[in-house]
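# Descriptive structure summary
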Amino acid sequence: ILDLTHRDRVLESYLHIVDNTHVVGFRRSESWAKNQLVYFALEFSRPFIDTYSTSLGEVSRSKEMRSNEIKSAFTFSTQDGSPVLVRVGLSAVSIEGARENLKAELNHWDFERVKADADRIWNTELAKIIVTGGNENHLKNFYTALYHSMLAPNLFMDVDRQYRGRDFEVHHAKEFDNYTVFSLWDTFRAAHPLYTIIDQRRTRDFINTFLAQYEQGG
């Protein structure tokens, strides 16, 4: 199931079934942020054998749909017992940007390799602080909290360094990485001071992102 209605109020969405392994589209929605735009490029590891979509209560087999309520179902033959894998690229700029992000960031189907890469990357980040003493529960609590502190801010630009700014125009990040989701009502108390110690490079990117947001949004 591909559900483009889930989560918040959808203002506009688009779905294009390119072929029996590729689907692209976007959804524009509002909630606490008034105009959120996400493009996607989705790829299945094997061809689907059937598909249909619904929009505003109507069932359709159209390969291309545009409305504020789209859901699609895809059927696969799994008699050989092998899994159906899905990989998705996202972009706030364009469908092509989502395609290029997917190509650059996940160009294979090896699930165990993805898992091992994630383990390695997270262990490298969490090892920035080494804690001794206490018991196993204390260590679990500490490193879980440290992990939570690293879930945001999030990188917010494509591999070609294009991003959508506060003016909703597309910009190019020349000398910094653009970020989003700062949740600034309380993070200045402890999170950002922590980043100045364990993540100085990204802290510079955060500051340059703030300056860009000011220039583009006032």
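As shown above, the structure is provided for reference.
This structure is a prediction, so every number in the text was calculated from the model and none was measured.

Our next topic: the packing of aromatic side chains. If you walk through the whole model with that rule in mind, you get 14 aromatic pairs. With a centroid separation of 6.3 Å and an interplanar angle of 70 degrees, the aromatic rings of Tyr-163 and Phe-176 are classed as edge-to-face. Here Tyr-163, found in strand 11 (residues 162-164), pairs with Phe-176, found in the loop between strand 12 (170-172) and strand 13 (179-180); they are 13 residues apart in sequence, far enough to count as distant. Residues Tyr-163 and Phe-176 agree in their burial class; the two are buried.

Take the pattern of salt bridges next. A full pass over the atoms with the stated rule returns 19 salt bridges. Residue Arg-7 pairs with Asp-8 through a salt bridge whose shortest N-O separation is 2.7 Å. For Asp-8, the salt bridge identified is with Arg-27, shortest N-O distance 3.0 Å. Of this pair, Asp-8 sits in the loop between strand 1 (2-3) and strand 2 (9-17) while Arg-27 sits in strand 3 (residues 22-30), and the two are 19 residues apart along the sequence. Using a relative accessible area of 12% as the deciding quantity, one classes Asp-8 as buried. Each of the salt bridges in this network shares a partner with another, and the network as a whole consists of Glu-125, Lys-128, Asp-199 and Arg-202.

In this section: unusual backbone geometry. In this model, Ala-152 is joined to Pro-153 through a cis peptide bond whose omega is 0 degrees. Along the polypeptide, Pro-153 turns up in the loop between helix 3 (136-149) and strand 10 (154-155). Of note in this structure, Arg-7 is not a glycine but carries a positive phi near 100 degrees. Along the chain, Arg-7 turns up in the loop between strand 1 and strand 2. Here Arg-7 falls in the exposed class, since its relative accessible area comes to 56%. Backbone geometry at Arg-161 places phi at a positive 75 degrees, although glycine is not the residue there. Within the element layout of this structure, Arg-161 appears in the loop between strand 10 and strand 11.

Leu-2, Leu-15, Val-23, Phe-40, Phe-44 and Phe-74 are the most contacted members of the largest nonpolar core, which totals 13 residues. Listing elements by their share of this core, those giving two or more residues are strand 2, strand 4 (36-44) and strand 8 (70-75). Tyr-14, Phe-26, Ala-41 and Ile-95 belong to the second largest nonpolar core, which has eight residues in total.

Before going further, it helps to examine the side chain of Glu-43. Note that Glu-43 resides in strand 4. Residue classification places Glu-43 among the buried residues on the basis of a relative accessible area of 17%. Apart from residues lying up to four places away in sequence, Glu-43 is in contact with Thr-21, His-22, Leu-85, Val-86, Arg-87, Leu-102 and Trp-109.

Now for helix 5 (residues 200-217). The terminal C-alpha atoms of helix 5, which comprises 18 residues, lie 25 Å apart, in line with the 26 Å expected from a rise of 1.5 Å per residue. Listed in full, the buried residues belonging to helix 5 are Arg-202, Thr-203, Asp-205, Phe-206, Thr-209, Ala-212, Gln-213 and Gln-216. Looking at the packing, one finds that the buried side of helix 5 touches strand 11, strand 12, strand 13 and helix 4 (191-198). Residue Gly-218 follows helix 5 closely and has a positive phi angle near 80 degrees.

This brings us to the sheet that holds strand 4. On the basis of which strands lie adjacent, the open sheet formed by five strands has the order 7-2-3-4-9 and antiparallel pairing. If you trace the sheet from one side to the other, it starts and ends with strand 7 (64-67) and strand 9 (86-91), each paired once. Each adjacent strand pair in this sheet contributes to an overall mean axis angle of 15 degrees, direction not counted. With eight bridges joining them, strand 2 and strand 3 adopt antiparallel strand pairing.

On to the environment of Tyr-39. Its location among the elements puts Tyr-39 in strand 4. On the basis of relative accessibility, which here comes to 16%, the residue Tyr-39 falls in the buried class. In sequence terms Tyr-39 and Tyr-14 are 25 residues apart; their C-alpha atoms lie 9.2 Å from each other. Ignoring any residue separated from it by four or fewer positions in sequence, one finds Tyr-39 in contact with Gly-25, Phe-26, Gly-89, Leu-90, Ser-91, Ala-92, Val-93, Ser-94, Ile-95, Ala-98 and Arg-164.

Reading guide: rules and limits
- Residues numbered from 1 in each chain as written.
- Predicted model: local features only at pLDDT ≥ 70, side-chain atom pairs only at ≥ 80, totals over all residues.
- Heavy atoms only, no water.
- Phe/Tyr/Trp six-rings, centres within 6.5 Å; stacked < 30°, edge-to-face > 60°.
- Helix = DSSP H or I, 4+ residues; strand = E, 2+ residues; numbered from the N terminus.
- Buried < 20%, exposed > 50% of the residue type's maximum accessible area, 1.4 Å probe, protein only.
- Salt bridge = Lys/Arg side-chain N within 4 Å of Asp/Glu carboxyl O.
- Core = buried A, V, L, I, M, F, W, Y, C linked by side-chain atoms within 4.5 Å.
- Contact = heavy atoms within 4.5 Å.
- Expected span 1.5 Å × (residues − 1).
- Pairing = 2+ DSSP bridges.
- Axes fitted to C-alpha atoms, helices over the stretch in contact; angles between N-to-C directions.

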